[in-house]
Amino acid sequence: VEEVRAGSFLGAPSEAQVLADFSRPGEVVIGASRLGKVDGVHGTGVLAHITFRALAKGTAEVGFSASRAMDSTLEEVGPVAVESTAVEVRKDPGPIDRPDRPRPPHES
């Protein structure tokens, strides 16, 4: 995971916040909250947009190990429905700039 951005389901950036921890390879934890004293939301929509970095050609399953929704008092509301999906990389993504490998000096 390279980036997690808020979707529009919880509202504008002034009304909602999406936080993500993707420090462990293969796993991302996403938390989303409405900010301040605003009404709740209902229905369906996009909670977050997740950008992945392809490591190789092939198909990967992207799923959810847990999901829940809570109200302003942290009481669970729900049920919450989430769907797994497959992501297919059809073209070789090329060399990977890995943070654990030394980078060559930058040339001007």
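Our subject is the structure listed above.
Asker: Whenever I open this one, the overall build of the protein chain confuses me. Can you help?
Answerer: Counting secondary structure elements, the protein chain contains zero helices and eight strands. Tracing the protein chain from N to C terminus, the helices and strands come up as β-β-β-β-β-β-β-β. Counting only residues that meet the buried cut, the protein chain has 6% of its 108 residues in that class. Intrachain contacts of the protein chain at a sequence separation of at least 6 include 52% that bridge at least 24 residues. Just so you have it, the protein chain exposes about 9400 Å², and 51% of that area is on carbon and sulfur atoms.

Asker: What's the story with unusual backbone geometry in this structure? I'm lost.
Answerer: For residues besides glycine, phi is generally negative; the peptide bonds are generally trans as well. The phi dihedral of L74 falls on the positive side, at around 65°, and the residue is not glycine. As for its position among the elements, L74 is in the loop between strand 6 (69–70) and strand 7 (76–77).

Asker: Even after reading the chapter, I still don't get empty space enclosed by the protein, so can you show me in this structure?
Answerer: Taking a probe equal in size to a water molecule and rolling it over the atoms shows the remaining empty space. The tally for this structure, following the rule as stated, stands at one cavity of 30 Å³ or more. Considered as a void within the structure, the largest cavity measures approximately 40 Å³ in volume. What lines the largest cavity is D21, F22, S23, R24, E27, V28 and V29. Taken together, the residues that form the lining of the largest cavity break down as three nonpolar, one polar and three charged.

Asker: What is the right way to look at the pattern of salt bridges in this model?
Answerer: For side chains of opposite charge, pairing can occur when their charged atoms come near one another. For the structure shown, the criterion picks out six salt bridges. Among the ionic pairs, E15 bridges to R34, the shortest N-O distance being 4.0 Å. With E15 in the loop between strand 1 (3–6) and strand 2 (16–21) and R34 in strand 3 (residues 29–34), this residue pair connects regions lying 19 residues apart in the sequence. Note on E15: relative accessible area 30%, which makes it partly exposed. One salt bridge in this structure joins R68 and E76, with 3.9 Å as the shortest N-O distance. Taken as a pair, R68 and E76 share a single burial class, namely exposed.

Reading the values: the criteria
Residues numbered from 1 in each chain as written. Predicted model: local features only at pLDDT ≥ 70, side-chain atom pairs only at ≥ 80, totals over all residues. Heavy atoms only, no water. Helix = DSSP H or I, 4+ residues; strand = E, 2+ residues; numbered from the N terminus. Buried < 20%, exposed > 50% of the residue type's maximum accessible area, 1.4 Å probe, protein only. Contact = heavy atoms within 4.5 Å. Areas by Shrake-Rupley, 256 points an atom, 1.4 Å probe, with all protein chains shown as cover. 1 Å grid on protein atoms, 1.4 Å probe; cavity = no way out; pocket = protein on both sides within 12 Å on 5 of 7 lines; lining within 4 Å. Points joined across faces, edges and corners; volume = space filled by probe spheres on them. Nonpolar A, V, L, I, M, F, W, Y, C, P; charged D, E, K, R; others polar. Salt bridge = Lys/Arg side-chain N within 4 Å of Asp/Glu carboxyl O.

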